[in-house]
Amino acid sequence: MSEAARAASAARERRRLKAAVIVIAVIAGVLAGIGATRALWEGWINDRLLQVRALVTDLPQDRFPVAVVGLDQASLTSKRLEAIPRVFMSQAFAKAGTALFDAGAKAIGLDFVFAFSADAFADPQTGEARLKGYDRQFLRFLYENRGRVVVARTSTGIPHRSISAAAGSDGVRSTEILTDNDGVVRRHRPQLPLETSPAFVDAMLGHAEASVDRPYIAVPGARLATSVPYLSLLDVLDLMDAADGTEKLKQFAEGRVILFGSTLPNEDEHLYLDRFLPRETPLGEGAGPAGRPPVRTATSGVFILADLIGSPLVGRVVHEAPFALVGLSIVAFALVGALAGLNLPLPSLPLVVVGLVLAGIGLAYVVLMSGWMLPAGAPPTAGFIALMVAGVAQVAVLKRRERELVRLFGHYLSPQVIRAMAEEERLSDLGGETRKVVIAFIDIVGFTRMSERLPDREVVKVVNTVFDAIGAEITRSEGYIDKYIGDAVMAVWNAPNDVEDPEARAVACALAVIDLLPRLRQRTGQPELDLRIALNAGPALVGDIGGETRRSFTVMGTTVNAASRIESIAKDAAVRLAFTGPVGEALPASVPQRLLWRGQLRGLTTETVVLTLDDARLWMDGQGPALSLVPENVEPAAAADAAQSRQTASSRP
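One structure accompanies this document, and this report is about it. As the structure is a computational prediction, the values presented were derived from the model and not from experiment.

So, about the packing of helix α9 (residues 233-241) against helix α10 (residues 245-253). Put simply, α9 and α10 touch, their axes get as near as 7 Å, and they point 135° apart. When the axis of α9 is compared with that of α10, the two are oblique. Of the residues in α10, those in contact with Val236, Leu239 and Met240 of α9 are Gly245, Thr246, Lys248 and Leu249. Residues belonging to the contact of α9 with α10 are distributed by class as follows: four nonpolar, two polar and one charged.

Pasting the structure below:
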């Protein structure tokens, strides 16, 4: 298989592996996201989003269609009602209810079970029914207003039979309310048709002629204890006797559904989604003289019923987002997480997680403002799980090749080159391959004399300083440091990584290294420090050479041997750079070249042409190369070959 075919096959295999990882990660993320749609944190996040919504939008000023009359502490401790036990409040409810109907109330709901009847109360000693007829006024109120009054029942308590009989079969409904898995009331699921539903809220919605056909979530703008229209039971009874009471009761009750219920602390209280909302009272909804009950962590059940009934009447509700929208957002976040986990650097993944969370919350808020409640934590959860799966795959599978390359070439190639090699699967198998390369030998001139007069520690310091600077230039030009040989560096271009125009890169690197000489002399304190560079281009055996217990990447062959021998010609010619004909032929025609030598190198049977650049930086003695090395009878031919080489180079596309 050719090199190009093998590279293409490796690229296809890597793409297939990436696609498989993405599919697995997305599936895992989607399953996690669906499982998180009812997670405990979902409700908390959505309640906080309602808080933000209430802070950035104005509180609705529409007249709320439901009002509450509360049996509160002010009523129970008042002179008017303090002598009446709570179980005997039926007459007070009947009087207040009649007054409110007269004031224009549409319907009345009594959030009390009325499990006892005063009429059935008997003296424990004599057995005398001392309160016989006490409930007559209340029973008459219920009977005469059948179809407009609803009495509560619960799963643990039902009204006394006389009260149930007076209210009628449609006048007793369940006030049980649904809680989410975190114990917070947020939604109502009506049972249609409303008129026959066993739910208290549905019955009152029916009396208010509401149009409700699906589950909904009420969206209050403030704490219910401060925003729902409210009068104490005591205030209603007092207004009945006041001169302007009728008008005030009319302002309070006309066209509204009125709910009676307890607002006493620790009695029929629930956590509601209003618990983080601001405490504001809508315009024109001030309380009566007895005031309002204090705002507590939990919300009185009668306020919750009022909000669940009134919100759909004024359009202040949202609905659960359609499954298609939820599923689409979960899949989208899972795909983003999978792509990020597979392709981004591992240190950046925590920032991606933060971005996913913020994006999920932002999306949920936008959807909320559009009338839908989207699970804010489900899409980020999907993205996070997909990111984790893809990230693990990246580390465990896809980064395996890169880690191997880092182990082999970390000190000799730039990180960008190593990543490109890992991406293209360009590392040769054990045994190597033959490919065209450019070989460079970079020698420290006069190393032997320097080592004789300097301490060993200083010699090592000088060599390390020079090699560090040379290595940086080699790496910058996408070359590979094959090995250090005493006072010389062997470098390769186009192996193990692919390099475009390796000859030009190698020559440019050589010139950059030579330009470092003044700075290196200053840093090392060796004014006589110099460098000599030899370049050769041609085929060579490259690869991970060795056995199963020990192996290393290297380059070998005639091209390498020829490059090592050219260094001696550069020495005799007193130049800092010498290169062979194949290197010179690959350079642009605009680059001036000078012939140094032509003949057979030791151990080779073919003729070799050695050249240098016509550049004064390369003359070690400042007088130009020692051209006497070129035999007079071959110089014209060599000059003709050089001219032909430049013409060939200039005619290339």
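Having seen the structure, we can now continue with the description.
Before going further, it helps to spend a moment on the side chain of Thr608. Looking at the secondary structure, you find Thr608 in strand β21 (residues 607-613). Taking relative accessible area as the criterion, Thr608 reaches 11% and is therefore assigned buried. Those residues in contact with Thr608, other than ones at most four positions away along the chain, are Thr580, Trp597, Arg598, Gly599 and Leu601.

This brings us to unusual backbone geometry. That bond from Leu192 to Pro193 is cis: its omega, -5°, falls within 30 degrees of zero. Along the chain, Pro193 falls in the loop between β6 (187-188) and α7 (200-207). The omega torsion of the bond from Ala495 to Pro496 falls at 0°, within 30 degrees of zero and hence cis. Relative to the helices and strands, Pro496 is located in the loop between β16 (488-493) and α18 (502-515). You will see that Phe114, though not glycine, has its phi angle at about 55°, which is positive. Note on placement: Phe114 falls in the loop between β2 (107-110) and α5 (136-144). For Phe114, a relative accessible area of 13% gives the class buried. Phi angles above zero are rare outside glycine, and Glu209 is one such case at about 60°. Residue position: Glu209 is located in the loop between α7 and β7 (216-218). Overall, the relative accessible area of 69% leaves Glu209 in the exposed class.

A few words on the nonpolar core. Ranked by internal contacts, the top residues of the largest apolar core, which has 57 residues, are Val466, Ile474, Trp493, Leu535 and Leu577. Setting aside residues no more than four positions away along its own chain, Trp493 makes contact with Val437, Val438, Ala440, Ile474, Ser477, Glu478, Gly479, Val499, Pro502, Arg505, Ala506 and Cys509. By size, the runner-up hydrophobic cluster in this structure holds 45 residues, among which are Val185, Ile217, Ala306 and Ala376.

Right, let's talk about the packing of aromatic side chains for a bit. Scanning all chains against the criterion turns up 10 aromatic pairs. Seen from their ring centres, Phe93 and Phe260 are 5.9 Å apart, and the 75° between their planes marks the pair as edge-to-face. Of this pair, Phe93 sits in helix α4 (residues 90-102) while Phe260 sits in strand β9 (residues 257-262); the two residues are 167 residues apart in sequence, bridging distant segments of the chain. Considered together, Phe93 and Phe260 belong to a single accessibility category, that of buried residues. With a centroid separation of 4.9 Å and 25° between ring planes, the pair formed by Phe467 and Tyr484 is classed as stacked. With a gap of 17 residues between them, Phe467 in helix α17 (residues 456-476) and Tyr484 in strand β15 (residues 480-485) connect regions that are remote in the sequence.

Residues Val23, Ile27 and Leu31 make up a contiguous nonpolar surface patch of roughly 300 Å² in combined accessible area. Relative to the helices and strands, Ile27 is located in helix α1 (residues 3-35). Residue class for Ile27 comes out partly exposed when judged on its relative accessible area of 48%.

What follows covers the sheet that holds strand β11 (residues 299-300). The three strands are arranged β5-β10-β11 in an open sheet whose pairing can be described as mixed. The open sheet has two edge strands with one neighbour each: β5 (184-185) and β11. Strand direction decides the pairing type here: strand β10 (residues 269-272) and β11, joined by two bridges, are antiparallel. Among the inter-strand pairings, Glu269 is bridged to a residue of β11, identified as Ser300.

Analysis parameters
Residues numbered from 1 in each chain as written. Predicted model: local features only at pLDDT ≥ 70, side-chain atom pairs only at ≥ 80, totals over all residues. Heavy atoms only, no water. Axes fitted to C-alpha atoms, helices over the stretch in contact; angles between N-to-C directions. Helix = DSSP H or I, 4+ residues; strand = E, 2+ residues; numbered from the N terminus. Parallel < 35°, antiparallel > 145°, perpendicular 65-115°, else oblique. Contact = heavy atoms within 4.5 Å. Nonpolar A, V, L, I, M, F, W, Y, C, P; charged D, E, K, R; others polar. Buried < 20%, exposed > 50% of the residue type's maximum accessible area, 1.4 Å probe, protein only. Core = buried A, V, L, I, M, F, W, Y, C linked by side-chain atoms within 4.5 Å. Phe/Tyr/Trp six-rings, centres within 6.5 Å; stacked < 30°, edge-to-face > 60°. Patch = residues over 30% accessible without salt bridge, like charges linked within 9 Å, V, L, I, M, F, W, Y side chains within 5 Å. Areas by Shrake-Rupley, 256 points an atom, 1.4 Å probe, with all protein chains shown as cover. Salt bridge = Lys/Arg side-chain N within 4 Å of Asp/Glu carboxyl O. Pairing = 2+ DSSP bridges.

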